[in-house]
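Below, each chain spelled out in residue letters.
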Amino acid sequence: MPLKKGVFSRLKKKIGKTTDYTQLISKYDKQIELRPDDSDLYVLRAQAYDKIQEFQEAIDDYSKALELKPGSPDILHKRGDAYSFLGDFQQSIADYSRAIELNPKNAAHFHFRAVAYFLQGQYQRSIKDYSKALKLNPFVARSFYGRGNSYYALDDYHRAIQDYTSALKLTEKYPKKAQKEDPTRIETFFKRGLTFERVNDFTRANRDYSRVLEIDPQSVDAWGRRGMTYLNLGELEKAFNDFNKYIELAPDDFLGYFNRGNVYFYTQRFQDAITDFSKTIELNEDDFQAYLNRGNCWRNLQEFEKALSDYSAAISIDKNYVNAYLNRGCVFLNSGDFKKALNDFNQVLELDPNNVSAFANRAIAYEGMQEYDQAMEDSTKALSLDPSFHQAYFNRGSIHLLLKEYSHAFTDFTKSIELAPTPNAFYWRAEAAAKLQKFDKAIRDWKTSGFLYLYYKNYDISVKSFKCAYDIYLQNKVITDEGLISALMFYAVSSDVEVEQNLRQIQQEDLTKIQNRFLVKFLEIVVDKITDQEVLPKIAERLNTLTEEIDSANDIGQETKRELLTLSSFIRHKYLKEVQKFLSKNT
């Protein structure tokens, strides 16, 4: 016969003082021998089995208790928990469902069935049960957290964020009402941070990871994830510091070195990046991404053989690694090995038939092999896949130029410039314009190209661009403001005596054609004869005055102002060189 309620409570309290669950089970064994029909004793022993993770024994005891006390929702719930721990979710769901039938107002039954559904991958059913649990008891933060996880698994990130936020608000506002098994705030902040990352809200994700680190400064994952948010936000120094902390806490984890290597790469510290990617490979020899990234470093250092070796290593690990084939193909392309480049781009397109970069680069390979029809077809295919891909317009324009289809070339280069105004596109559009005898446009584009190359500190091609514009003047006697700027810039950076003579001729014959008053003054300064040392300070003074006038002018655009100030700087540099020459001859 079962123990009376008061006697049972005292016995439970007395026996339950021990934390040695094996010993506790032994004591329950003796009590069960005395009271074999007492369902409560089987429940107590089952709970002890739970503590030592002997779940099958626990299930056997819960089943015996149910035989003695059929229709107990609490015992069914406990047995459902044990089945869940064993991974038998179908059986646990059956027990929770029976418990719900017996007591449909118990939020915990719905909550734990929701957990089982989640672990089975039945996310919609999980959401439905969490919602029922929250309707019955809206103060359980773990139910919001769990439902948020289900939404996250379904890629419904906005609803997931709402539920994680509700869980956090609940633990702040009703700490006494929140159940003991509610998730810690650290778990919820971290998971919400991951969800913010999914919707590219890196600022809010960063804040959540920072909250995690306030609670637990030793959280390696939080240091790593926050570092990634800094990386996405372009705050490279902060990302670098977080990855350093990650490495400090987990020196044998390859991920910290990999991420720090990326920061080194973005800051063009390629040798340091190589060191970190090499450490990544040492710790994880099958990390094909580390091989790819190290290959990219070698490529930037123009160590092309080493780059090819790393790209090939990445491919040997993952035969379907598209980016490795693509990058290796580009190295072959740059070295003029068009057949090998073609093979790699073909491989990319087998794996990814709509890869825009592969079509665009294969077009260049075909162009190098003088297979212009194929090159044209690939460039056009790239543009059909991505009409905003400026490089494909540039490539097709280059092919039209080779085929002497200058009007089509001019159109494609124009579209490329509209999408991305690169100096190279301006340079070759000028070439097409010159062939079409659109000399004003050619001069304007070569001038623009020259200034852009100056900005990128590519001085050799900058001089070449200015010279092309200058040559147009010599050949066609076309004088425009753009042409004069180009001529003056070419004069300022070259030592060609004939340029100065031609500038004198411009002053004599074409001064009235120049609309820009500042250019007239520049021309007057340049053609002054440098015959003695006294003239040089006067020229310097006039340049200084002219620079101040340009800087304070309100009737010219900012782009023109920048060009004129750059011109002033270069002409000043030109005369400084003349001063040095003059002094060296007279000392």
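Located above this text is the structure these notes cover.
Residues numbered from 1 in each chain as written. Predicted model: local features only at pLDDT ≥ 70, side-chain atom pairs only at ≥ 80, totals over all residues. Heavy atoms only, no water.

A. Expanded view of the overall build of the protein chain. Scanning the protein chain from N- to C-terminus turns up 32 helices and zero strands. Rg of the C-alpha trace for the protein chain: 38 Å, well past the compact-globule value of 25 Å for 587 residues, more than 25% over. Taken over 587 residues, the protein chain has a buried fraction of 48%. The long-range share in the protein chain, meaning contacts at least 24 apart out of those at least 6 apart in sequence, stands at 48%. With an accessible surface of roughly 30600 Å², the protein chain has 47% of that area assigned to carbon and sulfur atoms. Across the protein chain, 81 positive and 84 negative side-chain charges occur, with their mean positions spaced 7 Å apart. (Helix = DSSP H or I, 4+ residues; strand = E, 2+ residues; numbered from the N terminus. Rg over C-alpha atoms; globule rule 2.2 N^0.38 Å. Buried < 20%, exposed > 50% of the residue type's maximum accessible area, 1.4 Å probe, protein only. Contact = heavy atoms within 4.5 Å. Areas by Shrake-Rupley, 256 points an atom, 1.4 Å probe, with all protein chains shown as cover. Lys, Arg positive; Asp, Glu negative; His and termini not counted. Charge placed at Lys NZ, Arg CZ, Asp CG, Glu CD.)

B. Fine view of helix H17 (residues 288–300). With 13 residues, H17 ought to run about 18 Å at 1.5 Å a step, and its terminal C-alpha atoms sit 19 Å apart, in line with that. Inspection of H17 places Ala-290, Tyr-291, Leu-292, Asn-293, Arg-294, Gly-295, Asn-296, Cys-297 and Trp-298 among the buried residues, and these make up the whole buried set. Those residues of H17 hidden inside the fold are in contact with helix H15 (254–266), helix H16 (270–283), helix H18 (304–317) and helix H19 (322–334). At the N-terminal end of H17, a side-chain oxygen is found 3.2 Å from the backbone nitrogen of Gln-289, two or three residues along, and the residue is Asp-287. (Expected span 1.5 Å × (residues − 1). Polar contact = N/O pair within 3.5 Å; in protein donor to acceptor, adjacent residues only side chain to side chain.)

C. Here's a closer look at the pattern of salt bridges. A complete count under the given rule lists 31 salt bridges for this structure. With a closest N to O distance of 3.6 Å, Asp-201 and Arg-204 form a salt bridge. With a closest N to O distance of 2.6 Å, Asp-445 and Arg-429 form a salt bridge. Taken together, the residues Asp-445 in helix H26 (residues 439–455) and Arg-429 in helix H25 (residues 423–435) connect sequence positions 16 residues apart. The same class applies to Asp-445 as to Arg-429, namely buried. Several salt bridges share partner residues, and in doing so they unite Asp-29, Arg-45 and Asp-61 into one network. (Salt bridge = Lys/Arg side-chain N within 4 Å of Asp/Glu carboxyl O.)

D. Representation of the packing of helix H29 (residues 497–509) against helix H30 (residues 517–527). Where H29 contacts H30, the axes come no closer than 9 Å and their chain directions differ by 130°. The pairing of H29 with H30 is recorded here as oblique in orientation. Here H29 runs over H30; the crossing is left-handed. Note on element contacts: H30 touches H29 through Leu-523, Glu-524, Val-526 and Val-527, opposite Glu-500, Leu-503, Arg-504, Ile-506 and Gln-507. (Axes fitted to C-alpha atoms, helices over the stretch in contact; angles between N-to-C directions. Parallel < 35°, antiparallel > 145°, perpendicular 65-115°, else oblique. Left-handed = near helix turned anticlockwise from the far one by under 90°.)

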